[in-house]
Amino acid sequence: MTGPLLEPEQQDLLNLVRAYAVNEAAPRAAEAERAGAFPRDLFDQLARMDFMGLPVAAEYGGSAQPGTVVLRVIEELSRAFLTVGLGLSVHNLATWAVEQYASEEVRKEVVPRLAAGEWLGAYSLSEPGSGSDAAALVTRARRDGTDYVIDGTKAWVTGAGEADCYVVMCRTGEDKVRGISALLVPADTAGLSFPAGERKMGLQSSPTGQLVLEDARVPARYLLGQEGGGFTIAMSALDGGRLGVAAGAVGLAQAALDASVRYAREREQFGQPIGQFQGLAFMLADMATGIESARALMLQAAQRRDHGLAFGQLAAMAKLCATDIAMQVTTDAVQVFGGNGYTTDYPVERWFREAKVLQIVEGTNQIQRVVISRALLQAP
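Residues numbered from 1 in each chain as written. Predicted model: local features only at pLDDT ≥ 70, side-chain atom pairs only at ≥ 80, totals over all residues. Heavy atoms only, no water.

Observations concerning the overall build of the chain
Now for step 1: In terms of regular secondary structure, the chain is built from 10 helices and 10 strands.
Now for step 2: Relative to a compact globule of 380 residues, whose C-alpha radius of gyration would be 21 Å, the chain shows 21 Å and is just as compact.
Now for step 3: With respect to the three principal axes, the spread of C-alpha positions in the chain is 80 × 50 × 45 Å.
Now for step 4: Counting across all 380 residues of the chain, residues that qualify as buried make up 53%.
Now for step 5: Partitioning the intrachain contacts of the chain with sequence separation of at least 6 by distance along the chain shows that 73% fall at a separation of at least 24.
Now for step 6: For the chain, the computed accessible surface area is about 16,500 Å², with 52% contributed by carbon and sulfur atoms.
Now for step 7: In the chain, 34 positive and 44 negative side-chain charges are present, and the distance between their average locations comes to 4 Å. (Helix = DSSP H or I, 4+ residues; strand = E, 2+ residues; numbered from the N terminus. Rg over C-alpha atoms; globule rule 2.2 N^0.38 Å. Buried < 20%, exposed > 50% of the residue type's maximum accessible area, 1.4 Å probe, protein only. Contact = heavy atoms within 4.5 Å. Areas by Shrake-Rupley, 256 points an atom, 1.4 Å probe, with all protein chains shown as cover. Lys, Arg positive; Asp, Glu negative; His and termini not counted. Charge placed at Lys NZ, Arg CZ, Asp CG, Glu CD.)

Section: the packing of helix α6 (residues 230-266) against helix α9 (residues 348-358)
Now for step 1: For the pair α6 and α9, interaxial distance at closest approach is 10 Å and the crossing angle is 160°. The orientation of α6 relative to α9 falls into the category roughly antiparallel. Where α6 crosses over α9, the handedness of that crossing is left-handed. Of the residues in α9, those in contact with Val-245, Gly-248, Ala-249, Leu-252, Ala-255, Ala-256 and Ala-259 of α6 are Trp-351, Glu-354, Ala-355 and Leu-358. (Axes fitted to C-alpha atoms, helices over the stretch in contact; angles between N-to-C directions. Parallel < 35°, antiparallel > 145°, perpendicular 65-115°, else oblique. Left-handed = near helix turned anticlockwise from the far one by under 90°.)

Some thoughts on the environment of Leu-6
Now for step 1: Looking at the secondary structure, you find Leu-6 in the segment before α1 (8-35).
Now for step 2: Along the backbone, Leu-6 and Thr-68 are 62 residues apart, and their C-alpha atoms lie at a distance of 9.4 Å.
Now for step 3: Among all residues touching Leu-6, those that are not within four sequence positions of it are Gln-11, Leu-14, Val-69 and Arg-72.

Looking at the side chain of Ser-78
Now for step 1: With respect to the helices, strands and loops of the structure, Ser-78 is situated in helix α3 (residues 67-80).
Now for step 2: Discounting chain neighbours no more than four positions away, the residues touching Ser-78 are Gly-85, Leu-86, Ala-247, Gly-248, Gly-251 and Leu-252.

Focus on the pairing of strand β5 (residues 180-186)
Consecutive side chains of a regular strand alternate in pointing toward one face of the sheet and then the other.
Now for step 1: Counting buried positions along β5 yields 7 of 7 residues, so the element is predominantly enclosed.
Now for step 2: Of the two faces of β5, the one lined by Ile-180, Ala-182, Leu-184 and Pro-186 and the one lined by Ser-181, Leu-183 and Val-185 are each fully buried.
Now for step 3: Bridge analysis of strand β4 (residues 165-171) against β5 gives 7 bridges, and the strand direction is antiparallel. Bridge pairing in β5 links Val-167 to Leu-184.
Now for step 4: Where β5 meets strand β8 (residues 223-224), 2 bridges bridge the pair, whose relative direction is antiparallel. Of the residues in β8, the one forming a bridge with Leu-183 is Leu-223. (Pairing = 2+ DSSP bridges.)

Side note on the environment of Ala-57
Now for step 1: With respect to the helices and strands, Ala-57 occurs in the loop between α2 (40-48) and α3.
Now for step 2: The exposure class of Ala-57 is partly exposed, given its relative accessible area of 22%.
Now for step 3: Each C-alpha atom, one on Ala-57 and one on Glu-99, is 8.6 Å from the other, the two residues being 42 residues apart in sequence.
Now for step 4: Ignoring any residue separated from it by four or fewer positions in sequence, one finds Ala-57 in contact with Gly-62, Ala-64 and Glu-99.

Describing the pairing of β4
Now for step 1: Of all 7 residues making up β4, 7 are buried, and the element is well covered by its neighbours.
Now for step 2: Judged by which residues are buried, β4 turns out to be covered on both faces: Cys-165, Val-167, Met-169 and Arg-171 on one side and Tyr-166, Val-168 and Cys-170 on the other are all buried.
Now for step 3: For strand β1 (residues 121-124) and β4, the ladder comprises 4 bridges, and the chain directions are parallel. Its bridge partner lying in β4, Tyr-123 is registered against Val-167.

Overview of the packing of aromatic side chains
Now for step 1: Enumeration over the complete set of coordinates arrives at 7 aromatic pairs.
Now for step 2: Grouped by ring-pair contacts, the aromatic residues Tyr-263, Phe-337 and Tyr-346 constitute a single cluster.
Now for step 3: Taking the ring centre of Tyr-148 as reference, the NZ or CZ of Arg-143 above it sits at 5.4 Å. (Phe/Tyr/Trp six-rings, centres within 6.5 Å; stacked < 30°, edge-to-face > 60°. Lys NZ or Arg CZ within 6 Å of the ring centre and 35° of its normal.)

Here we look at the nonpolar core
Now for step 1: Ranked by internal contacts, the top residues of the largest apolar core, which has 72 residues, are Leu-46, Val-73, Leu-77, Leu-243 and Met-298.
Now for step 2: For this core, the elements supplying multiple residues, two or more each, are α1, α2, α3, α4 (82-101), α6, α7 (278-306), α8 (312-337) and α9.
Now for step 3: No other element matches α6, which puts 14 residues into this core.
Now for step 4: Counting residues in hydrophobic clusters, the runner-up holds 50 residues, among them Ala-102, Ala-163, Met-169 and Ala-216. (Core = buried A, V, L, I, M, F, W, Y, C linked by side-chain atoms within 4.5 Å.)

Focus: the packing of α3 against α4
Now for step 1: At a minimum axis distance of 5 Å, the contact between α3 and α4 shows a crossing angle of 150°. Classified by the angle their axes make, α3 and α4 are roughly antiparallel. Contacts from Val-70, Val-73, Ile-74, Leu-77, Ser-78 and Ala-80 in α3 reach Leu-82, Val-84, Gly-85, Leu-86, Leu-88, Ser-89 and Asn-92 in α4.
Now for step 2: Residue composition of the contact of α3 with α4, by class: 9 nonpolar, 4 polar and no charged. (Nonpolar A, V, L, I, M, F, W, Y, C, P; charged D, E, K, R; others polar.)

Focus on the pattern of salt bridges
Now for step 1: Enumeration according to the criterion identifies 23 salt bridges in this entry.
Now for step 2: With its nearest N and O atoms 3.0 Å apart, the salt bridge here joins Asp-144 to Arg-217. Here Arg-217 lies in strand β7 (residues 208-219) and Asp-144 lies in strand β2 (residues 140-144), a separation of 73 residues in the sequence.
Now for step 3: With a relative accessible area of 32%, Asp-144 lands in the partly exposed category.
Now for step 4: The class for Arg-217 is partly exposed, based on a relative accessible area of 40%.
Now for step 5: Asp-175 is the partner of Arg-178 in a salt bridge, and the nearest nitrogen-oxygen pair spans 3.2 Å.
Now for step 6: Owing to a relative accessible area of 33%, Asp-175 belongs among the partly exposed residues under this scheme. (Salt bridge = Lys/Arg side-chain N within 4 Å of Asp/Glu carboxyl O.)

Interpretation note: all reported values are geometric properties and have no functional meaning in isolation.
Structure follows, in structure tokens:
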């Protein structure tokens with residue numbers, strides 16, 4: 001993996017996660033996908049290595065690592081097992097929302113548990129009737145004394161039924177945007193249930209499902225930010241989440257390229273390795289170039305975020321670029337493998353199926369183009 005040079009301790013960290021990814025995560029991926037089994041024990045291992053709180057401030061038990069390092073960790077994990085890489089990205093997103101917007105009392109209570117991996121965090125914005133139009137959500141929270149009581153159904157939640165807490169966007173007022181608030185909902189909240197998960201074409205080991213809230217009572221102190229400020233939190237979280245998806249896409253594409261290069265060196269036709277044929281060799285060159293460009297854009301956006309600069313437009317570009325490239329690279333990888341690539345004996349068909357969803361989550365790539373074009377047209 002290429003990218004900006006790291007400090008020695010950061011390189012040591014990346015070497016550690018690479019060894020874990022290769023030796024622990026990668027060997028589990030194929031069977032977990034076939035069985036549709038969520039690998040919680042792999043996240044527990046990450047927790048024991050202090051990887052669940054990488055971006056969290058030291059005062060809450062984290063490592064305070066910059067985004068450029070965190071994304072490279074997600075990339076390495078996704079290269080081995082996408083469920084683990086994206087799972088960590090979603091956990092980071094939920095943790096960020098609590099660390100940034102909870103009261104100090106709740107920060108001290110919850111963030112150390114998230115940073116230690118005792119709690120796995122998840123994030124819930126979409127609903128059955130609101131996806132790209134996020135402000136159309138109808139799940140409602142009403143104040144009742146020292147609690148909020150929540151009713152509604154959230155959808156497309158990564159980690160549904162497996163996470164230990166959920167950052168839930170719900171309606172507390174009538175204004176489409178300013179009537180949305182964010183609440184932290186522990187998984188053991190009475191009135192919270194999890195229907196059977198979605199049946200998907202890929203990422204079978206990563207649970208995706210609904211949260212059904214029926215008179216679910218949450219302490220009012222679990223409000224994140226101000227009442228009515230949830231939409232701003234959601235949009236800010238998505239900027240960071242898009243970088244996490246970009247990192248997952250780069251890792252997945254890199255895995256497909258690595259496998260394609262190995263296969264092109266070993267597979268022979270017409271008396272020579274197929275990589276010696278220019279048509280296929282040029283395909284590999286294009287795959288590698290696309291991955292490098294996506295990685296550079298992702299890390300540039302992360303660097304701006306680390307320095308407190310505006311990065312939303314670049315985050316949208318990175319998500320758009322990386323996921324489109326991942327789809328193209330995995331498609332080409334199946335082609336490199338030929339008939340073998342269409343069988344489940346090789347991982348490229350799984351990576352192909354997994355790549356598709358990355359063009360949809362954290363805002364479809366059509367929405368990314370809306371974000372980018374609006375920023376261009378509104379610039380002075």
